[in-house]
Amino acid sequence: MVMQRGRLFAGAAALVLVSAVGVAVATRSDNSATAGGTAAAATAGAKAGSPQSRKAALDVILAQRATAVLKGDVKAFIASVDPQQPKLVAKQRVLFANLRQFQFSTLRYFVADERLAPNLVEKYGNTAFSTRVMMRYQLAGLDPGPVQTDLGYTFVVRAGRWILVADDAIDQTLSDDGHRQPWDFQPITVIRRGKIVVVVDKSEAALGKKIAGVSKTAISAVHRHWPRPWNGAVMVVAMPEPRVMSLLWTTGTGTGWTIAAKAVTLYDGEPLSVKAAAPVGSRIVINPAVRKSLDEDLLVHEMTHVATVPIGVHAPVWLVEGIAEYVRCRSIEDDPHWTVDPYRKTVRTKYLPSMKVLPGETQFDASGDRSYGQAWWVTEYLVSTKGEKGMAALYTDLALHGTSPAAIASIIKKQTGKTPPELVTAVKKFRG
Ligand SMILES: [Zn+2]
């Protein structure tokens, strides 16, 4: 499910077999904040000064922290942290140790926009300065380009230097997953198996290795049934901490659904802005409650999202979810001992007769199980008439060019020879 979060929150889609994809909303609207600090600015130092000199001085400190992560220099990382706050220092040491495990090929922090935090001024005096900080990074062997997230730091001037005194004063003003990244909580273990990266609690390394193994098999399944190129690079986050990436694990109207995993989409650009550019990639986040009983087919569904999302953002939800369900079900039946016949029967007898449209956000919100089943069946129909390559061609065309209902209808007509209502009629007759 492509679930738009933040300002474009359109309601989380429910799911029959527990999956949805979250899309963190972002676009690059402000390149101006990327200028790094200079050495001169560092020595210009810490009188409150002009906003420009303050920003320059803080950018130098942030650059030193990024360099410290890249080089493994914990002393340099901690140098700017308030030594009078042992708890904050300890937290920052955990952050450093966590970050060190991710293998950044690039990492930059820079001052973004000021956020007023009067209580911090009251506590630390007039030099207290709270600002959103942008973190722009690329993980080696995983991200095809840089992505961005944000955090919020409070600095004060003490003895002529800027000191970091708080990292959580303006969290409520950040983007949805700002300061809620996998490295922002407890000590973690990061397992790497080639292009697979699994993040677990420090004490759950064995679980991480198991998930890495299952992920490898799941990636093979996606390669078998999704015909377009995909490098299979993926991060799976399976931590006990429910706040990671700020995901809601129940959704839908009525009693709601429990979601077992989501693919969260990443962008390069201001995370608070509405996205326009294509996503850079995704992370799969597992619901903490099911992390120890994770089924492979669930990962297949989510990894199909990871493989398809970078193509473009315009594919309609019925095809996004339909393809993920299609690949999931095929991967189950690749093993002759397994079947999805009960699901097939439910779709034919329960979900198809009431199908009136290709299910959209409204239908997914109202009834997740029905919509996922219908979406799957549409995809099964498309593959039966056009093959997996034809299905992928339709997806690609829609993901790139499906910018309006009219555009979507015309692409469907071009690729299938049918209008959307004709497609619905054909799908309802299709027995599989
Ligand atoms: Zn999904």
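Caption draft 1: Structural view of the overall build of the chain. Looking only at helices and strands, the chain has 13 helices and 13 strands in total. Partitioning the contacts of the chain with sequence separation of at least 6, the portion at a separation of at least 24 is 64%.

Caption draft 2: Structural context of the sheet that holds strand 5 (residues 147-158). Strand order in the open sheet formed by 4 strands is 3-4-5-6, and the pairing between neighbours is antiparallel. Two strands in the sheet have a free side with no partner beyond their single neighbour: strand 3 (104-114) and strand 6 (161-166). Neighbour to neighbour, the strand axes of the sheet diverge by 40 degrees on average, direction disregarded. Sheet topology places strand 4 (residues 129-139) next to strand 5; 9 bridges connect them, and they run antiparallel.

Caption draft 3: The arrangement of the packing of helix 6 (residues 205-225) against helix 8 (residues 317-333) in detail. Direction vectors running N to C along helix 6 and helix 8 enclose 110 degrees, while the axes themselves pass 9 Å from each other. It follows from the interaxial angle that helix 6 and helix 8 lie roughly perpendicular. Where helix 6 abuts helix 8, its residues A221, V222 and H225 lie against V327, R330 and S331. Classifying every residue of the contact of helix 6 with helix 8 by side-chain character gives 3 nonpolar, 2 polar and 1 charged.

Caption draft 4: Structural context of the confidence of the model for the chain. Chain-level pLDDT for the chain is 87 on average; 86% of the residues reach the 70-or-more range. When the criterion is pLDDT under 50, residues 1-45 qualifies, and its contacts beyond four places in sequence or with other chains add up to 140 contacts.

Caption draft 5: Region of the structure containing the pairing of strand 8 (residues 196-201). In terms of burial, strand 8 is a largely internal element, 5 of the 6 residues being buried. By the bridge criterion, 6 bridges tie strand 7 (residues 188-193) to strand 8 in an arrangement that is antiparallel. Among the inter-strand pairings, R192 is bridged to a residue of strand 8, identified as V197. As consecutive antiparallel partners, strand 7 and strand 8 are separated by 2 residues, and within that stretch G194 has a phi angle of approximately 65 degrees, a positive value. Strand direction decides the pairing type here: strand 8 and strand 9 (residues 234-237), joined by 4 bridges, are parallel. The residue of strand 9 that forms the bridge with V199 is V237. Traced from strand 8 through helix 6 to strand 9, the parallel crossover comes out left-handed.

Caption draft 6: Focus on the packing of helix 9 (residues 341-351) against helix 11 (residues 368-401). Where helix 9 contacts helix 11, the two axes come as close as 10 Å, and the packing angle between them is 105 degrees. The angle between helix 9 and helix 11 places the two elements in the roughly perpendicular class. Judged by residue contacts, T346, V347 and Y351 of helix 9 engage R370, G373, Q374, W376 and W377 from helix 11. The residue makeup of the contact of helix 9 with helix 11, split by class, is 4 nonpolar, 3 polar and 1 charged.

Caption draft 7: Here's a closer look at the nonpolar core. Counting 122 residues, the largest nonpolar core has V133, V237, I284 and M303 as the members making the most contacts within it. Top contributing element to this core by residue count: helix 11, with 13 residues. Residue-level mapping places this core at the junction of two domains, with at least three residues from each of domain 1 (2-26 + 187-429) and domain 2 (35-174). Apart from residues lying up to four places away in sequence, M303 is in contact with A218, I219, V222, V234 and I284.

Caption draft 8: Molecular detail of the environment of M239. Along the chain, the position of M239 falls in the loop between strand 9 and strand 10 (250-251). Distance from M239 to V198, taken between C-alpha atoms, is 9.6 Å for residues 41 residues apart in sequence. M239 has contacts with P182, I188, V199, V200, D201, V244 and P288, leaving out every residue within four places of it along the chain.

Caption draft 9: Expanded view of unusual backbone geometry. One non-glycine residue with positive phi stands out, namely A159, at about 50 degrees. Its place among the elements puts A159 in the loop between strand 5 and strand 6. For A159, a count of 6 C-beta atoms within 10 Å corresponds to the exposed category. At H179, a residue that is not glycine, the phi angle is positive and equals roughly 55 degrees. Tracing the backbone shows H179 in the loop between strand 6 and strand 7.

Caption draft 10: The environment of L298, seen in detail. For L298, the location among the structural elements is in helix 7 (residues 296-308). Taking the C-beta count within 10 Å as the criterion, L298 has 23 such neighbours and is therefore assigned buried. In the structure, L298 is positioned 31 residues away from C329 in sequence and 9.9 Å away in space, judged by C-alpha atoms.

Caption draft 11: Representation of the pairing of strand 6. When you tally the buried positions in strand 6, you get 5 out of 6 residues, the bulk of the element. Bridge analysis of strand 5 against strand 6 gives 5 bridges, and the strand direction is antiparallel. Counterpart to V157 in the pairing with strand 6 is W162. Counting the residues that bridge the hairpin from strand 5 to strand 6 gives 2 residues, and of these A159 lies at a positive phi of roughly 50 degrees.

Caption draft 12: Region of the structure containing helix 7. Spanning 13 residues, helix 7 covers 18 Å between terminal C-alpha atoms, matching the ideal 18 Å at 1.5 Å per step. Of all 13 residues making up helix 7, 12 are buried, and the element is well covered by its neighbours.

Caption draft 13: Here's a closer look at the environment of Q374. Note on placement: Q374 falls in helix 11. On the basis of neighbour count, Q374 is assigned to the buried category, with 29 C-beta atoms found within 10 Å. Each C-alpha atom of the pair Q374 and Y351 lies 6.4 Å from the other, and the pair is 23 residues apart in sequence. Those residues in contact with Q374 that sit more than four places away from it in its chain are Y351, L352, M355 and P359.

Each value, and the rule that gives it
- Starting afresh in each chain, residues are numbered from 1 along the sequence in its written order.
- Whole-chain, interface and lining totals are the exception, using all residues; otherwise, since this is a predicted model, local features are given only for residues with pLDDT of at least 70 and side-chain atom pairs are given and counted only at 80 or more.
- Going along the chain from the N terminus, every DSSP run of H or I of four or more residues is numbered as a helix, and every run of E of two or more is numbered as a strand.
- Throughout, a pair of residues is in contact if the C-beta atoms placed from their backbones lie within 7 Å.
- At least two DSSP bridges between two strands are required for those strands to pair.
- In this description, a line fitted to the C-alpha atoms serves as the axis of each element, helices being fitted only across the stretch in contact, and the angle between N-to-C directions of two axes falls anywhere from 0 to 180 degrees.
- Comment on the angle field: the value is read as roughly parallel under 35 degrees, roughly antiparallel over 145, roughly perpendicular from 65 to 115, and oblique elsewhere.
- Throughout this entry, Asp, Glu, Lys and Arg are counted as charged residues, while Ala, Val, Leu, Ile, Met, Phe, Trp, Tyr, Cys and Pro are counted as nonpolar. The remaining residues, Gly among them, count as polar.
- Residue-level confidence of the predictor, termed pLDDT, takes values from 0 up to 100.
- We call a residue exposed when 12 or fewer other C-beta atoms sit within 10 Å of its C-beta, buried when the count reaches 20 or more, and partly exposed for counts in between; the C-beta positions come from the backbone.
- When the strands point away from the viewer and the path from the first strand over the helix to the second turns clockwise, the crossover is right-handed.
- Only buried Ala, Val, Leu, Ile, Met, Phe, Trp, Tyr and Cys residues enter a nonpolar core, and they are joined through C-beta atoms within 7 Å.
- Segmentation into domains, and thus their bounds, comes from an automatic or database assignment.
- What a helix is expected to span follows from its residue count: subtract one and scale by 1.5 Å.

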